[in-house]
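Each chain, written out:
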Amino acid sequence: QVQLVESGGGLVQAGGSLRLSCVASGRTFSDYGMGWFREAPGKEREFVAAITWSLGSTYYADSVKGRFTISRDNAKNTVYLQMNSLKPEDTAIYYCGYRRTYRGQYYATKSYDLWGQGTQVTVSS
């Protein structure tokens, strides 16, 4: 049974950086990938970035391309989201998602089977 634990959120000034971590304990070798999504107050959960466990293929939302980097450490069952050049509009609760199979789209919340508890990221102007 997979469990997700996120960490690394906090308060940072605009232009600053944060790194989020998500440990996927109990994952199996055949599990497909992971994703990061975010949810701002009054808005729906939106896709940020995704990665596959096997090949490390990565995908990004246009709004974060060139600023955020998703990576994974298979030995540690951990996925990271390095966030640079943060903007106030990046303020949200960030969730990691576990995707057991390749079915569905990497950017769709319904493609993910499990979510972490979320970690708050606040960017001040």
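Note that this is a predicted model, so its numbers are computed, not measured.

Cut-offs and rules
Residues numbered from 1 in each chain as written. Predicted model: local features only at pLDDT ≥ 70, side-chain atom pairs only at ≥ 80, totals over all residues. Heavy atoms only, no water. Salt bridge = Lys/Arg side-chain N within 4 Å of Asp/Glu carboxyl O. Helix = DSSP H or I, 4+ residues; strand = E, 2+ residues; numbered from the N terminus. Buried < 20%, exposed > 50% of the residue type's maximum accessible area, 1.4 Å probe, protein only. Disulfide = S-S within 2.5 Å. Core = buried A, V, L, I, M, F, W, Y, C linked by side-chain atoms within 4.5 Å. Contact = heavy atoms within 4.5 Å. Pairing = 2+ DSSP bridges.

Draft legend 1. Summary view of the pattern of salt bridges. Here the structure, examined in full by the defined rule, presents five salt bridges. We note a salt bridge from Asp90 to Arg38, for which the minimum N-O separation is 2.9 Å. On the criterion of sequence distance, the pair formed by Asp90 in the loop between strand S8 (78–83) and strand S9 (92–99) and Arg38 in strand S4 (residues 33–39) is long-range, its members being 52 residues apart. Residue classification places Arg38 among the buried positions, given a relative accessible area of 6%. Salt-bridge contacts for Glu39 lead to Arg45; the nearest nitrogen and oxygen are separated by 2.9 Å. Looking at Glu39, the relative accessible area reads 28%, which means it is partly exposed. Take Arg45: its relative accessible area is 26%, and that puts it in the partly exposed class. Linked through salt bridges whose partners overlap, the residues forming this network are Arg38, Glu46, Arg67 and Asp90.

Draft legend 2. Quick look at the state of the cysteines. Going through the model one piece at a time under the given rule, you end up with one disulfide. The disulfide that involves Cys22 links it to Cys96, with 2.0 Å between the sulfurs. Residues Cys22 and Cys96 share a disulfide whose torsion about the S-S bond is about 50°; that sign makes it right-handed. Taken as a pair, Cys22 in strand S3 (residues 18–25) and Cys96 in strand S9 lie far apart in primary sequence, 74 residues in all.

Draft legend 3. Layout of the nonpolar core. If you look at the biggest cluster of nonpolar residues, it comprises 32 residues, and the most contacted ones within it are Met34, Trp36, Leu81, Met83 and Tyr94. Counting residues per element, the ones that place at least two in this core are S3, S4, strand S5 (46–52), strand S7 (68–73), S8, S9 and strand S11 (119–124). A per-element tally of this core places S5 first, with five residues. Non-local contacts of Met34, meaning those with residues more than four positions away in its chain, are made with Leu4, Cys22, Ala24, Ala50, Ile51, Trp53, Ile70, Val79, Cys96, Gly97, Tyr98 and Tyr112.

Draft legend 4. Focus on the pairing of S7. For S7 and S8, the ladder comprises six bridges, and the chain directions are antiparallel. Note on S8: the bridge partner recorded for Ile70 is Leu81. Between S7 and S8, which pair antiparallel and follow one another directly, the connecting turn spans four residues, one of which, Asn77, has a positive phi of 55°.

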